[in-house]
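Architecture and fold: a report
Chain by chain, the residues:
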Amino acid sequence: MSARDLSALVALESVLEAASAEGQPFSPAVSAELDRLEAFPAAACKVLDDFGLAAWYVPRRHGGRMESFSELLQLWRAVARRDLTVAVAHGKTFLGTGCVWVAADPEQAHALGRDVAAGAVVSWGLTERGHGSDLLAGELTATPDAAGWRVDGEKWLINNATRGQVLCALARTDAAGGPRGFSLFLIDKRSLPAGSYRCLPKEATHGIRGADISGIAYANAQVTPGALVGREGQGVEIVLKALQMSRTACSALSLGAADHALALALRFAGERQLYGRRMLDLPLVRRVIGEAAATLLAAEAVSVVAGRCMAALPGEMSVVAALAKAHVPSAVDEMIGSLGELLGARAFLTEVFEHGMFQKLERDHRIVAIFDGSTVVNRNGLINQFRNLARGWRDARCDRGGLAIVFDAGAALPEFAPEKLSMMSAGGCSVLQSLPHTCTQLTGAPARVQRLANALCAASAATLEQCGAYQPSPREVPPAAFDLARRYELCFAGAACVGYWLANRAANQGAPLWHDALWLEAALVRLLAQLTPDAPGLEDDMAIYDTLAQALSAPGLPRASILAPAGEAA
């Protein structure tokens, strides 16, 4: 992060800390009560509005403050660390605007940027009742007429559909449908004729109970020609590119929830007395805490690297975004589950420990793996690129210049330019394809880390060999292909860890978790335990979890942004 980015994060953290005091909008008691009432967190969102967070939803070229995607991920993570419901509710405006940033029409983008800066809430209308993630089955229509377009139909399960002023909606513009049969429109409630729309009731949800998850129905709603985003028939293409941003952004939501869960577990285990000593001093408890922390470290590496790829390797984001969205929420769900077992009944009770914050974040986080493309959807997209990824590995294709920027946290990122996103990655995945070369650069790393990295490289080679041998089925995708996609995710996560550590070790020599490659070793052990669970010596390697748990319990150690460069941890 640049000095300006860091300044924004520090300022937001200060605001959030003050707003988390007793009785304030982000305090556990207030969050718990709103969750119980299923009430929208309006006061907490106002804190973010007053801070001006929406300015980071708008690229600087369109009048906002966002220069890099990475800074937005850091800011979102800080909010999600306090209350995931608030992060989802407020952050939806960025997701709603994403298609306009991809289409990059200057006049339309500048106008939307001004509207967002003035406080407009924008939502994204993709899904419909009965169609789920099948975008090509959408029934909301936009019919051309003399005044522009007439919109009819409904969008359902839309975040902020009722509270928002503007909806970026995918509409069928060709009765035959198909990839070129849909277009995008910015539909502004404030300019619609009376009676041409109605908001659908808020749906009761298991998690994020206070969020406005509702819908909207249109009947002869008239919009102007200027409401069209991009060109007619370009809707699905723009959506798929915008999803690369939203899916990557979801990793920040997951990391925030993981930060919160780990902090609660550490606090509970550090204070709870069992058998005459602290719960945290029990070997099994240290093992669970350490394994959870290793999971978080690997997930953070994926998120940080993916966020930087958005600027430095935009042409590869069709792969990287799918990997980030499939891996990070799933890994964090598993992590939260394991920590919940430590808390026992207090992981479920609502008024005993920290106002029931653990059970709330556990419920809230489950939705992250579902929206903007579920884990299955993202793995299916990865499967479609198996052959190309295998060729990229075989030929050792790698964008060295872009990758150097991705891994080096101190390197300046190119300006955020989502119009450079691509539907498919011609070059494969540089992060993973660089792994064999990266492993040769680990001289000076502890011998055990070099051994683990070489084991990761061997597992990656075996995985990519299977990807190259995969025969696509014209009818259905076999379960084994999804398991192979999961293995590819783990390999990517390991490569992200190794590359990031190698590029930043010199700048972080004095940081506790960087010393002796502690975080890297723990993350690699965790990933290899899933990739090669039967490997000899794995149980001995897991002793690193105890070391990691002990380091995390040290007074004053940051609980968040573990992989931030020295001096940047929140």
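Residues numbered from 1 in each chain as written. Predicted model: local features only at pLDDT ≥ 70, side-chain atom pairs only at ≥ 80, totals over all residues. Heavy atoms only, no water.

1. Points about the overall build of the protein chain
In terms of helices and strands, the protein chain carries 20 helices and 10 strands. By its C-alpha atoms, the protein chain is 75 × 60 × 45 Å across when sized along the principal axes. Relative to its 570 residues, the protein chain shows a buried fraction of 58%. (Helix = DSSP H or I, 4+ residues; strand = E, 2+ residues; numbered from the N terminus. Buried < 20%, exposed > 50% of the residue type's maximum accessible area, 1.4 Å probe, protein only.)

2. A look at the environment of Ala 89
Note that Ala 89 resides in helix 5 (residues 84–103). In sequence terms Ala 89 and Asp 174 are 85 residues apart; their C-alpha atoms lie 33 Å from each other.

3. What to know about the pairing of strand 2 (residues 141–145)
Residues in a regular strand project their side chains so that they alternate between the two faces of the sheet. Judged from the 5 bridges that link them, strand 2 and strand 3 (residues 148–159) form a sheet pairing that is antiparallel. Note on strand 3: the bridge partner recorded for Thr 143 is Arg 150. The antiparallel pairing of strand 2 with strand 3 creates a hairpin that spans 2 residues between the two strands. (Pairing = 2+ DSSP bridges.)

4. Description of the nonpolar core
Among the nonpolar cores identified, the biggest contains 179 residues, and Phe 94, Ile 289, Leu 339, Val 431 and Trp 519 are the most heavily contacted of them. Top contributing element to this core by residue count: helix 7 (residues 235–271), with 20 residues. With residues up to four places along the chain from it excluded, the contact list for Phe 94 reads Tyr 57, Met 66, Phe 69, Leu 72, Trp 76, Trp 101 and Met 245. (Core = buried A, V, L, I, M, F, W, Y, C linked by side-chain atoms within 4.5 Å. Contact = heavy atoms within 4.5 Å.)

5. What about the packing of helix 16 (residues 447–469) against helix 18 (residues 518–531)?
One can describe the packing of helix 16 onto helix 18 by two numbers: an axis separation of 10 Å at closest approach and a directional angle of 35°. The hand of the helix 16/helix 18 crossing is left-handed. Contacts between helix 16 and helix 18 involve Arg 448, Val 449, Leu 452, Ala 453, Ala 455, Leu 456 and Ala 459 on the former and, on the latter, Leu 520, Glu 521, Leu 524, Val 525, Leu 528 and Leu 531. The class makeup of the residues in the contact of helix 16 with helix 18 is 11 nonpolar, no polar and 2 charged. (Axes fitted to C-alpha atoms, helices over the stretch in contact; angles between N-to-C directions. Left-handed = near helix turned anticlockwise from the far one by under 90°. Nonpolar A, V, L, I, M, F, W, Y, C, P; charged D, E, K, R; others polar.)

6. Digging into the packing of aromatic side chains
The tally for this structure, following the rule as stated, stands at 11 aromatic pairs. Relative to Trp 56, the ring of Phe 51 lies with its centre 5.8 Å away and its plane at 15°, an arrangement referred to as stacked. We note that Phe 51, like Trp 56, is buried. Note on Trp 514 and Trp 519: the rings are 5.4 Å apart at their centroids and 75° apart in plane angle, and the pair reads as edge-to-face. Taken together, the aromatic side chains of Tyr 57, Phe 69, Trp 76, Phe 94 and Phe 416 make up a single cluster linked through ring pairs. In this structure, Arg 163 packs its charged tip against the face of Phe 40, placed 3.6 Å from the ring centre. (Phe/Tyr/Trp six-rings, centres within 6.5 Å; stacked < 30°, edge-to-face > 60°. Lys NZ or Arg CZ within 6 Å of the ring centre and 35° of its normal.)

7. Comments concerning helix 6 (residues 106–117)
Compared with the 16 Å implied by 1.5 Å per residue over 12 residues, the 16 Å span of helix 6 between its first and last C-alpha is a close match. When helix 6 is considered as a whole, its buried residues turn out to be Gln 108, Ala 109, Leu 112, Gly 113 and Val 116. For helix 6, the angular spread of buried residues about the axis comes to 130°, placing them on one side. Exposed and facing more than 90 degrees away from the buried side of helix 6 are Glu 107, Arg 114 and Ala 117. Structurally, helix 6 contributes buried residues whose contacts are with helix 5, strand 1 (122–125), strand 5 (182–188) and strand 8 (228–229). Positive phi shows up at Gly 119, right after helix 6, with a value of about 110°. (Expected span 1.5 Å × (residues − 1). Arc of directions from axis to C-beta.)

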